[in-house]
Amino acid sequence: MSWQPLHGLLLVDKPVGLSSAAVVGKVKWHLKQAGAPKNVKIGHGGTLDPFATGLLPLGVGHGTKALQALLEGPKGYQFTLTFGTATTTQDCLGAPTATSPVVPTLAEIQAILPRFTGPQQQTPPAFSALKVNGQRAYALARAGETVTLEPRAIEIYTLELIDYNPPHAHFTASVSKGTYIRTLGADLATALGSVGHLTALRRTQHGPYQLAQALSLTETLEILDNALKLGQMPPCLHPLPAPAAG
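Residues numbered from 1 in each chain as written. Predicted model: local features only at pLDDT ≥ 70, side-chain atom pairs only at ≥ 80, totals over all residues. Heavy atoms only, no water.

Engineer: Sorry, what's going on with the overall build of the protein chain here?
Structural biologist: Helix and strand counts for the protein chain come out as 6 helices and 15 strands. For the protein chain, buried positions account for 46% of its 246 residues. For the protein chain, the proportion of contacts with a sequence separation of at least 24, taken over those separated by at least 6, is 72%. Total accessible area computed for the protein chain in this model is approximately 12300 Å², and 54% of it derives from carbon and sulfur atoms. (Helix = DSSP H or I, 4+ residues; strand = E, 2+ residues; numbered from the N terminus. Buried < 20%, exposed > 50% of the residue type's maximum accessible area, 1.4 Å probe, protein only. Contact = heavy atoms within 4.5 Å. Areas by Shrake-Rupley, 256 points an atom, 1.4 Å probe, with all protein chains shown as cover.)

Next comes the structure, spelled out in structure tokens:
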């Protein structure tokens, strides 16, 4: 079978429990099983933590080089902040580090949201993929080392409380790249005189792409298998935009 070059984007709705790298690994394995050339490149744009779900764009072939430019722009999320316990990772996968009996009221949460909207400085979490002296911050944190990261400029375009069932507060947010939603949640809890961590996180937008355009990982793999075994271009592979005229 003669292979057509594979270049483009796969928009995957990442399931809970898998890392972004694991999703890439599964796609690579299926391509290999379908007889794809070993040198087909695949990469992901915008890491989602294992506990998170939602839109994960994968670049295939030339799409790996185009990911950064294509994904400029806001990211959209839905997330649940649970008050009462802080964790090492600021999410449900971390070990507890502090507790608080304080559970804010609906009015208190709504009143504080404007403070977290607009341009601001945010200190990234120790458990992040940022590098410190050439090493990933999360690797240093897991080894028990103290990780100090510098605050950086971000912007929260919108932040809305959509439901509140104490101690669980459900939000939607639109943010600039580089924003950590885990940290946003932890900072919100601290500003309200409590502590908290994220118990759910779902990405709904990444640059120009929306979650509604994504397919589940299972659907994506099935379509890839069926198309590639027939020597056809997978219909789930979104073409790369044509370069702008000079």
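Engineer: Hey, could you run me through unusual backbone geometry in this one?
Structural biologist: As a rule of thumb, non-glycine residues mostly have phi less than zero, and peptide bonds are mostly trans rather than cis. Of note, the bond from Pro166 into Pro167 is cis; its omega dihedral lies within 30 degrees of zero at 10°. For Pro167, the position within the fold is in the loop between strand S10 (152-165) and strand S11 (168-175).

Engineer: Even after reading the chapter, I still don't get the nonpolar core, so can you show me in this structure?
Structural biologist: A general trend in soluble globular proteins is that nonpolar side chains are found buried together. One finds Leu159 and Phe171 to be the most contacted residues of the largest nonpolar core, which totals 47 residues. It is S10 that contributes the most residues to this core, 5 residues altogether. Residues in contact with Phe171, not counting those within four places in the same chain, are Tyr77, Gln78, Phe79, Leu81, Ile109, Leu113, Leu159, Glu160, Leu161, Ile162 and Leu188. Counting residues in each nonpolar core, the second largest holds 9 residues, with Leu70, Leu71, Tyr209 and Ala214 among its members. (Core = buried A, V, L, I, M, F, W, Y, C linked by side-chain atoms within 4.5 Å.)

Function-wise, these values are silent; they only describe arrangement.
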